[in-house]
Amino acid sequence: MSDANTVVVLDFETTGLSPDYGDRAIEIGAVRIENGKIVERFQKLMNPGQRISRFIEDYTGITNAMLKDAPPCREVMNEFADFIEDFNLVAYNASFDKRFLDAELKKISRVYTGQFVCSMLMARRIYQHAPNHKLGTLVKYVNIPGEGPFHRALYDSEMTAQLWLAMLNNISDQYDIKSLTFSLTQKLAKTPKNNVEKLLLSVLSEVQGDLQ
DNA sequence: TGCCAGGCCCTCTTTAGGGCCTT
């Protein structure tokens with residue numbers, strides 16, 4: 001059942017950067033947020049049918065031994081397609097995760113109808129003075145508590161979810177906007193950096209107009 | 001210690017190049 005206040009925040013670990021060059025997903029992690037709270041979690045390793053490189057083992061902590069007995073991508077992605085239903089989706093650097101989601105679902109002839117928003121593009125606008133816009137840097141910058149392993153799918157999706165909620169709270173507090181629609185966050189992610197304030201003020205005036 | 005890609009975004013720009021992000 002789709003809900004305007006529900007989003008699924010997801011993160012893939014993969015064998016590399018490009019599904020068009022044969023890279024596959026090796027882990028999916030996701031959390032579902034309803035009304036500002038994480039209400040459900042999903043995490044599964046999956047066997048990509050190929051050995052992963054030493055670099056990926058070191059980068060993620062996921063080893064070939066761990067993937068040996070994991071279920072195949074088609075089985076896990078089928079479960080994950082059920083998990084995301086038709087909710088809207090959030091990912092950090094969403095263009096990356098969207099490519100893998102599209103590629104893996106295409107292999108099992110599944111589709112999703114939700115829309116994506118990129119939390120990194122939002123963060124580049126909300127936290128313009130951060131040292132950089134890597135996920136780990138922003139988690140520290142915003143003082144989000146957590147000591148889990150970065151570069152694992154569930155932990156990264158949890159941190160992305162907390163960052164997402166922090167950004168929504170930041171905007172709500174600063175501009176006295178009670179709730180941000182998903183379409184507004186999409187607009188925000190595409191707004192030129194020097195126009196973010198203008199966009200939010202225009203939204204505020206619309207909201208106030210609605211209340212009058 | 002990344003390589004492969006691709007979207008975004010800035011600038012010494014738009015008939016382009018390169019850094020930032022993701023694994």
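Reference entry: report on the structure contained in this document. Model, not experiment: these values are computed from the prediction.

A few points about the nonpolar core
Grouped together as the largest cluster of nonpolar side chains are 68 residues, with contacts concentrated most on Phe80 and Leu101. No other element matches the twelve residues that helix H7 (residues 153-175) contributes to this core. If you look at the next biggest cluster of nonpolar residues, it comprises seven residues, including Leu45, Ile56, Ile62 and Leu67.

Points about the sheet that holds strand E2 (residues 25-34)
In space, the five strands of this open sheet follow the order E3-E2-E1-E4-E5, with mixed pairing throughout. Where the open sheet ends on each side, the last strands, each with one partner, are strand E3 (37-45) and strand E5 (116-118). Ignoring which end each strand starts from, the neighbouring axes of this sheet average 25 degrees apart. Where helix H3 (residues 73-84) meets the sheet, it contacts strand E1 (6-14), E2, E3 and strand E4 (88-91), and its direction lies at approximately 170 degrees from that of E3. Relative to E2, H7 is tilted by about 35 degrees, and along the sheet it contacts E1, E2, E3, E4 and E5.

Comments concerning the pattern of salt bridges
This structure, assessed with the given rule, holds nine salt bridges. The shortest N-O distance in the salt bridge between arginine 32 and glutamate 40 comes to 3.0 Å. Residue arginine 32 is classed as buried on the basis of its relative accessible area, which comes to 13%. Taking the shortest distance from any N to any O, the salt bridge between lysine 44 and glutamate 79 comes out at 2.5 Å. In this pair, lysine 44 is assigned in strand E3 and glutamate 79 in helix H3, connecting sequence segments 35 residues apart. Classification of lysine 44 by relative accessible area gives partly exposed; the value is 29%. Taking relative accessible area as the criterion, glutamate 79 reaches 32% and is therefore assigned partly exposed. When salt bridges with common partners are traced through the structure, they connect Arg32, Glu34 and Glu40 into a single cluster.

With respect to the packing of H3 against helix H4 (residues 94-107)
At a closest axis distance of 9 Å, the pairing of H3 and H4 adopts a crossing angle of 110 degrees. By the angle between their directions, the pair H3 and H4 is classed as roughly perpendicular. Seen from above, H3 lies across H4 with left-handed handedness. Packed against H3, whose contacting residues are Cys73, Met77, Phe80, Ala81 and Ile84, the element H4 presents Leu101, Glu104 and Leu105 at the interface. The residue makeup of the contact of H3 with H4, split by class, is seven nonpolar, no polar and one charged.

About the criteria used
- Residues numbered from 1 in each chain as written.
- Chains lettered and ligands numbered in written order.
- Predicted model: local features only at pLDDT ≥ 70, side-chain atom pairs only at ≥ 80, totals over all residues.
- Heavy atoms only, no water.
- Core = buried A, V, L, I, M, F, W, Y, C linked by side-chain atoms within 4.5 Å.
- Buried < 20%, exposed > 50% of the residue type's maximum accessible area, 1.4 Å probe, protein only.
- Helix = DSSP H or I, 4+ residues; strand = E, 2+ residues; numbered from the N terminus.
- Pairing = 2+ DSSP bridges.
- Axes fitted to C-alpha atoms, helices over the stretch in contact; angles between N-to-C directions.
- Contact = heavy atoms within 4.5 Å.
- Salt bridge = Lys/Arg side-chain N within 4 Å of Asp/Glu carboxyl O.
- Parallel < 35°, antiparallel > 145°, perpendicular 65-115°, else oblique.
- Left-handed = near helix turned anticlockwise from the far one by under 90°.
- Nonpolar A, V, L, I, M, F, W, Y, C, P; charged D, E, K, R; others polar.

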